[in-house]
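Chain by chain, the residues run as shown.
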Amino acid sequence: MPLDRLRDRTLDQLFEAILQLRTVEECYRFFDDLCTVNEVQALAQRLEVARMLREGSTYSQIEARTGASTATISRVKRCLNFGTDGYEMVLSRLNR
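J.: Tell me about the packing of aromatic side chains, and please be specific about residues and values.
T.: Under the counting rule described, the total for this entry stands at one aromatic pair. With centroids separated by 5.5 Å and ring planes inclined at 80°, the aromatic side chains of Phe30 and Phe31 adopt a geometry described as edge-to-face. What makes Phe30 partly exposed here is its relative accessible area of 25%.

J.: I'd like to hear about the side chain of Thr66, residue by residue, with values.
T.: Mapping Thr66 onto the fold places it in helix α4 (residues 59–66). Here the side chain of Thr66 touches Ile62 through a polar contact of 2.7 Å, landing on its backbone oxygen. Residues in contact with Thr66, not counting those within four places in the same chain, are Gln45, Glu48, Val49 and Met52.

J.: How would you sum up the packing of helix α1 (residues 9–19) against helix α2 (residues 24–34)? Please name residues and give values.
T.: Between α1 and α2, the shortest axis-to-axis distance is 11 Å and the interhelical angle comes to 150°. As summarised for this structure, α1 and α2 are arranged roughly antiparallel, according to the angle between their axes. Packed against α1, whose contacting residues are Leu14, Ala17 and Ile18, the element α2 presents Phe30, Phe31 and Leu34 at the interface. Looking at side-chain class alone, the contact of α1 with α2 contains six nonpolar, no polar and no charged residues.

J.: Go over the nonpolar core with me, naming the residues and quoting the values.
T.: Among the nonpolar cores identified, the biggest contains ten residues, and these are Val49, Ala50, Met52, Leu53, Ile62, Ala68, Ile73, Val76, Tyr87 and Leu91. Those elements giving two or more residues to this core turn out to be α3 (37–54), α5 (70–82) and α6 (86–94). Here the element with the most residues in this core is α3; it accounts for four residues. Once residues lying within four places of it in the same chain are set aside, the contact partners of Met52 are Ser57, Gln61, Ile62, Arg65 and Thr66.

J.: Outline the pattern of salt bridges, supporting the account with residue identities and numerical values.
T.: Scanning all chains against the criterion turns up four salt bridges. Between Glu48 and Arg51 there is a salt bridge, and its shortest N-O distance comes to 2.5 Å. A residue pair is termed a helical-turn pair when its members lie 3 or 4 positions apart in one helix, as Glu48 and Arg51 do in helix α3 at three residues. What you see here is one network of salt bridges that share partners, running through Glu48, Arg51, Glu55 and Arg65.

J.: I'd like to hear about the packing of α3 against α5, residue by residue, with values.
T.: One way to put it is that α3 packs onto α5 with a least axis distance of 9 Å and a crossing angle of 65°. Every pair of crossing elements has a handedness; the one defined by α3 and α5 is right-handed. For the pair α3 and α5, contact is made by Gln45, Arg46, Val49, Ala50, Leu53 and Arg54 and by Thr72, Ile73, Val76, Lys77 and Leu80, respectively. Across the contact of α3 with α5, the residue classes tally to six nonpolar, two polar and three charged.

Quick notes on the rules
- Residues numbered from 1 in each chain as written.
- Predicted model: local features only at pLDDT ≥ 70, side-chain atom pairs only at ≥ 80, totals over all residues.
- Heavy atoms only, no water.
- Phe/Tyr/Trp six-rings, centres within 6.5 Å; stacked < 30°, edge-to-face > 60°.
- Buried < 20%, exposed > 50% of the residue type's maximum accessible area, 1.4 Å probe, protein only.
- Helix = DSSP H or I, 4+ residues; strand = E, 2+ residues; numbered from the N terminus.
- Polar contact = N/O pair within 3.5 Å; in protein donor to acceptor, adjacent residues only side chain to side chain.
- Contact = heavy atoms within 4.5 Å.
- Axes fitted to C-alpha atoms, helices over the stretch in contact; angles between N-to-C directions.
- Parallel < 35°, antiparallel > 145°, perpendicular 65-115°, else oblique.
- Nonpolar A, V, L, I, M, F, W, Y, C, P; charged D, E, K, R; others polar.
- Core = buried A, V, L, I, M, F, W, Y, C linked by side-chain atoms within 4.5 Å.
- Salt bridge = Lys/Arg side-chain N within 4 Å of Asp/Glu carboxyl O.
- Left-handed = near helix turned anticlockwise from the far one by under 90°.

Given below as structure tokens:
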């Protein structure tokens, strides 16, 4: 289910809160309160998988470097190919 189908006041509030963060240190503090360590690591892993796929890495290279399952790699690849270009938008901004 696309995330925009879940759009409501509380989700808008979460995203607005994230947009208020100004530094990496503020992100660490907020996400430390908001998420478990495993949840944050899973998000970071998916972004790294997307970066590696975008650079042409193979599944086996990605699996070895990130520890991501082939299911996670496949899901991220599907988002890169058929998603809403969220990964592409963020990764291109990070590369500036």
